[in-house]
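Structural overview for review
Residue-level listing of the chains:
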Amino acid sequence: MERADLVIVGGGAAGLAAAVMAGQAAPNSRIVLLEKGARVGKKLLATGNGTCNISHQNASVDSYHGGGAQRVRDALARFSWEDACRFFRSIGVETTVREDGRIYPLCTSAAAVLDCLRIAAANHADIRCESAVTALRPTANGVTVCTADGEIAAGHVLVAVGGAASPSCGGSSDGYRLLTDLGHTRTPLFPSIVQLRTDTRFVRAVKGLRVDGTVSLMLNGHRLASHTGEILFAEYGLSGPAVMQISRAAGEWERRKQGTLTAVVDLLPTISADELSALLSARREALATTPLEDFLTGLFQRRIGQTVLRMAGALPLDRRSDSLTDRELSAVVCAIKEWALDVTGTQGFGGAQVTAGGVTVTEFDENLISRRCPHVSAAGEVLDVDGDCGGYNLQWAWSSAATAVEGWRKKR
Ligand SMILES: Cc1cc2nc3c(=O)[nH]c(=O)nc-3n(C[C@H](O)[C@H](O)[C@H](O)COP(=O)(O)OP(=O)(O)OC[C@H]3O[C@@H](n4cnc5c(N)ncnc54)[C@H](O)[C@@H]3O)c2cc1C
């Protein structure tokens, strides 16, 4: 049977980084990386809309969710965002820190990041695509790794197969099965960093348009999450960075659907309701003869303005703006500041960037070595750790890979 010191299962962010790190840490070892897809790093290519938000300057335990705060703390202490920047420089990727703390490759190309990772990994590991791992069988001094093409006797295995999110980019549930078959447990899975499905009555009329607004998620009137930034109106509901940022709470709610979840959009968060009321009163005078359908054009894009008026019940729209009553004006203020949409769910794993939940990370030691099987480690999204939107998930992939490789190196 073929033998290897380390078999890395999964050629995504964590697996490719681990191959480079393991090769650097133990240059004479035999490392094999097995990837299910036709190519490595398919999901990495899609990150940051093709620009790859590699990390975040504020990466700390506070930006992560799941069961293993201490594991996250340990991994970030071992391999921080600065270490990530140094690592990427060592393989040819220059990085830049943006004003908001997000870190990107200077060339803003996920393809270039993947190329550098792939080339560096190939210097150290035998990379095999279309090699799905079907089972891991512990032996006395290692693990037998089973694929359709045969078996490999591995001294150690690193499971870096990612999570269930975005199956079109290689997301799969394989890792949960591989690890639960070894005796691990898995916490409930739900999509995060995902678009929201809502009541579409008025949203459809503005689909494709974007605003800089605040979106809040309210459960039975109690605020669960809120974020200000770009909101994109879509055929099915709401998308855009601000929505993705708060979507974890919707994913969690969707699992049980207890209570009524509402997304409340403030289309003008920089102006208070009183200021807006005064502004609209002044506008009513200044634009007295303008048809009502264009009363809000200029404050918003035309289609948004007209939709707001319809929502407020300020109909018909073919009358003069100065015919707007005070009562109607108050309703318009309310529609702008508190556009409430019933949430029906999320766009599911198909639309999600990340999987919340996963294999219980506390069943792995501080080096991310399995407590069930000492010749197995895990890294990346397969574990029950997920980060906020902003580079935190890739930082977890790098930090957990570095931790797992360090654990393997120490144990050899
Ligand atoms: C559209 C999109 C945009 C994103 N943008 C960002 C961003 O800008 N910043 C950020 O921090 N995060 C981003 N993310 C999240 C981030 O990409 C993931 O969290 C990260 O890739 C997880 O790394 P991973 O190595 O654990 O898994 P993956 O990168 O998913 O890699 C897992 C690999 O394992 C392979 N595999 C699966 N099963 C098997 C098997 N049985 N045998 C062998 N191989 C297998 C898969 O084919 C895959 O290649 C984005 C995600 C998506 C979908």
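Residues numbered from 1 in each chain as written. Predicted model: local features only at pLDDT ≥ 70, side-chain atom pairs only at ≥ 80, totals over all residues.

Topic: the overall build of the chain
Looking only at helices and strands, the chain features 12 helices and 20 strands. With the C-alpha coordinates aligned to their principal axes, the bounding extent of the chain is approximately 85 × 45 × 35 Å. By the burial criterion, 49% of the 412 residues in the chain qualify as buried. Across the chain, every contact between residues at least 6 apart in sequence was considered, and the portion connecting residues at least 24 apart equals 74%. (Helix = DSSP H or I, 4+ residues; strand = E, 2+ residues; numbered from the N terminus. Buried ≥ 20, exposed ≤ 12 C-beta atoms within 10 Å, placed from the backbone. Contact = placed C-beta atoms within 7 Å.)

Considerations on the sheet that holds strand S3 (residues 55-56)
The strand order across the open sheet formed by 3 strands is S3-S6-S5, and the pairing between neighbours is antiparallel. The sheet is open, and its two borders are formed by S3 and strand S5 (95-97), each paired with just one other strand. Strand direction decides the pairing type here: S3 and strand S6 (residues 102-105), joined by 2 bridges, are antiparallel. When the sheet's bridge partners are listed, His 56 is paired in S6 with Arg 102. (Pairing = 2+ DSSP bridges.)

Focus: the site of the ligand
Taken together, the neighbourhood of the ligand is formed by 39 residues, with Gly 10, Gly 12, Asn 53, Gly 162 and Gly 380 sitting nearest. Those elements that provide at least two residues to the shell around the ligand are helix H1 (13-25), helix H2 (42-46) and helix H12 (392-411). Per-class residue counts for the shell around the ligand are 17 nonpolar, 16 polar and 6 charged. (Near = placed C-beta within 6 Å. Nonpolar A, V, L, I, M, F, W, Y, C, P; charged D, E, K, R; others polar.)

None of the figures reported here should be taken as evidence of function without further support.
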